[in-house]
Amino acid sequence: MSDKPKIEQEQPAHAWHSLSATDVCTRMGSCASSGLDVSEAGRRLSRFGPNRLRKVKEVKLWRIFLEEVREPMILLLVVTGALYALWGELRDAFTILGVILVMIWVEIYNEFRAKKAIAALHKLAAPTTIVRRGGLFCEIPAERIVPGDLIMLETGCKVPADARLLEAYGLEADESLLTGESVPVEKDASTMLPEPTPLAERCNLVFAGTTIARGRGTAVAVATGMSTELGHIAHLTAEVREPRTPLQLTMRELTRWMVWLALSFSSLVPLLGWLWGGEPVHLMLLTGLSMAFATIPEELPIII
């Protein structure tokens, strides 16, 4: 039989705080005094992969462009601009085209800004960290941290992985990015907490991306990469599409009504002018297009 340490992967991530430090080390197949063997750390790195967040999918400009062009208001403006280019003056057509391009550019800019906010989560990981492997202290890239590693914590360092504290001496951590707490949280390695304890009250754990505000200590890594609490946030932010707010739904419905209203006026007025007033058809068509363009508040999508 192999004597290779075995990680109990069925242990739920939220339950590490309910175990003693000794039990956590046993379940993680790690030693509280010497950490993992170098060879075992290499095997776990191959097994679990690098300790980093999954890269966010790149934004495709053409997809954003098509999504915006499909909006009813934008479609009506595009048709108006095209007809103006055929029947009216090119100056007016270029004006309409410019308005459309400005609106779409603003939407693309907002989309990129949101993606940058997501990508910023990747920068919260520590570039290097000090661990104890085979009884020796060594500084390694944070990406090479594996579950079971013995992590050294001190004032000012950024926590590279979710970890159960083994020792804590006046240790406090800034967890505002996870919990919203405005003051550092005091940590205690000797405490065992009930399993339902909320994330903000798990004083015997430290979390990836948080910063040690004061004190020092040691901890054994229990989750890395996308399995950390920070990874869960990155996953939800990247994969789940944010639902429309009630205001956005209401304004979307209002937009549809405005489009129909613009089409009605731009069709009815020219028709009456041609039938009753004897005005030229060409002039009446341009008048209808002008009314359609004037009826729609082009800045509405940007405001929403």
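Throughout what follows, the structure given in this document is the object of discussion. (Residues numbered from 1 in each chain as written. Predicted model: local features only at pLDDT ≥ 70, side-chain atom pairs only at ≥ 80, totals over all residues. Heavy atoms only, no water.)

Describing the overall build of the chain
Definition in use: In this description a helix means any DSSP run of H or I spanning at least four residues, a strand means any run of E spanning at least two, and both kinds are numbered starting from the N terminus. Residues are treated as being in contact if the distance between any of their heavy atoms lies within 4.5 Å. Only the protein chains shown count as cover for residues, with accessible areas throughout obtained via the Shrake-Rupley method and a probe of 1.4 Å.
Broken down by element type, the chain carries 10 helices and seven strands. Sequence-distant contacts, at least 24 apart, represent 70% of the contacts inside the chain between residues at least 6 apart. Summing over all exposed atoms, the chain offers an accessible surface of approximately 17,500 Å²; the carbon and sulfur share of this is 61%.

Thoughts on helix α4 (residues 72-87)
Where we set the bar: The span one expects for a helix is its residue count, reduced by one, times 1.5 Å. Note on classification: 1.4 Å probe, protein chains only; a residue is buried when its accessible area is under 20% of the maximum for its type, exposed when over 50%, partly exposed between these limits. The arc in question is the one traced by the directions running from the helix axis out to the C-beta atoms.
Taking 1.5 Å per residue, 16 residues should reach 22 Å; α4 reaches 22 Å between its end C-alpha atoms and fits that length. Residues M73, I74, L76, L77, T80, G81 and Y84 constitute the buried set of α4. The arc enclosing the buried residues of α4, seen along the axis, measures out at 160 degrees, which places them on a common side.

Topic: the pattern of salt bridges
Where we set the bar: One side-chain nitrogen of Lys or Arg within 4 Å of one carboxyl oxygen of Asp or Glu is enough to make a salt bridge.
On inspection of all chains with the given rule, the structure shows six salt bridges. Note that R214 and E172 form a salt bridge whose closest N and O atoms lie 3.6 Å from each other. With a gap of 42 residues between them, R214 in strand β7 (residues 211-223) and E172 in strand β4 (residues 162-174) connect regions that are remote in the sequence. Judged by its relative accessible area of 43%, R214 is partly exposed. Relative accessible area serves as the criterion here: at 19%, E172 is assigned to the buried category. E175 serves as the salt-bridge partner of K187, at 2.5 Å between the closest nitrogen and oxygen. With a gap of 12 residues between them, K187 in the loop between β5 (185-186) and β6 (205-206) and E175 in the loop between β4 and α6 (176-179) connect regions that are remote in the sequence. No difference in accessibility class separates K187 from E175, as the two residues are buried.

Comments concerning the side chain of E175
How we decide: We call two N or O atoms a polar contact when they sit within 3.5 Å, provided that within protein one can donate a hydrogen and the other can accept it, with sequence-adjacent residues counted only if both atoms are side-chain atoms.
We classify E175 as buried; its relative accessible area is 0%. Here K187 takes part through its side chain, which lies 2.5 Å from a polar atom of the side chain of E175. Not counting residues within four places of it along the chain, the set of residues in contact with E175 comprises G180, V185, K187, L205, F207 and T210.

Here we look at the state of the cysteines
Heads up, the rule is: Any cysteine sulfur atom paired with another within 2.5 Å is treated as part of a disulfide.
For the structure on display, the rule yields zero disulfides. C31 provides the cysteine sulfur closest to C25, a residue in no disulfide bond, and the two sulfurs are 7.6 Å apart.

Re helix α2 (residues 38-48)
Regarding α2, the residues found buried are E40, A41, R44 and L45. Down the axis of α2, the sector holding all buried residues measures 145 degrees, keeping them to one side. After α2 finishes, the residue G49 shows a positive phi value of roughly 85 degrees.

So, the packing of aromatic side chains
Counted only if it meets this: Note on aromatic contacts: the rings of Phe and Tyr and the six-membered ring of Trp form a pair at centre separations within 6.5 Å, being stacked when their planes are under 30 degrees apart, edge-to-face when over 60 apart, and tilted otherwise. Charge-over-ring placement is defined geometrically: NZ (Lys) or CZ (Arg) within 6 Å of the ring centre, and within 35 degrees of the ring normal.
Here the structure, examined in full by the defined rule, presents zero aromatic pairs. One residue, R216, lies across the ring of Y169, its end atom 4.6 Å from the ring centre.

Focus on the side chain of T228
You can see T228 is positioned in the loop between β7 and α7 (229-239). When neighbours within four sequence positions are excluded, T228 is seen to be in contact with D162, A208 and A223.

Observations regarding the pairing of strand β2 (residues 136-141)
Heads up, the condition is: Two strands pair if DSSP finds at least two bridges between them.
Note that strand β1 (residues 128-133) and β2 share six bridges and pair antiparallel. Across the sheet, residue R132 finds its bridge partner in β2, namely F137. Linking β1 to β2, which pair antiparallel, is a turn of two residues; within it G134 sits at a positive phi near 60 degrees.

So, the nonpolar core
To keep it simple, the criterion reads: Buried residues of nine kinds, namely Ala, Val, Leu, Ile, Met, Phe, Trp, Tyr and Cys, make up a nonpolar core once their side-chain atoms join them within 4.5 Å.
Core analysis: the largest hydrophobic core is formed by 17 residues, its most contacted members being I145, I151, L153, L165, V206, I212 and A219. Residue assignment for this core shows that the elements contributing at least two residues are β3 (150-154), β4 and β7. Considering every element that reaches this core, the biggest residue donor is β4, with four residues. Setting aside its immediate chain neighbours within four residues, V206 contacts L153, V159, A161, D162, A163, L165, K187 and A219. Among the nonpolar cores identified, the runner-up in size contains 14 residues, and W16, A21, C25 and L150 belong to it.

Regarding the pairing of β3
Of all five residues in β3, four are buried, a share of seventy percent or more. Where β1 and β3 come together, two bridges link them in antiparallel fashion. Bridge pairing in β3 places V131 opposite I151. In this sheet, β7 lies alongside β3 in antiparallel orientation, the contact comprising five bridges. What sits directly across from M152, in β7, is T218.

Thoughts on a nonpolar patch on the surface
Stated precisely, the cut-off is as follows: Any residue with relative accessible area above 30% and no salt bridge may belong to a patch, with like charges joined within 9 Å and the nonpolar Val, Leu, Ile, Met, Phe, Trp and Tyr side chains within 5 Å.
Judged by side-chain polarity, L86, W87, L268, L271, L272, W274, L275, W276, V281 and L285 come together as a nonpolar surface patch covering roughly 1,100 Å² of accessible area. Elements represented by at least two residues in the nonpolar patch include exactly α4, α8 (246-275) and α9 (281-295). As for its position among the elements, V281 is in helix α9.

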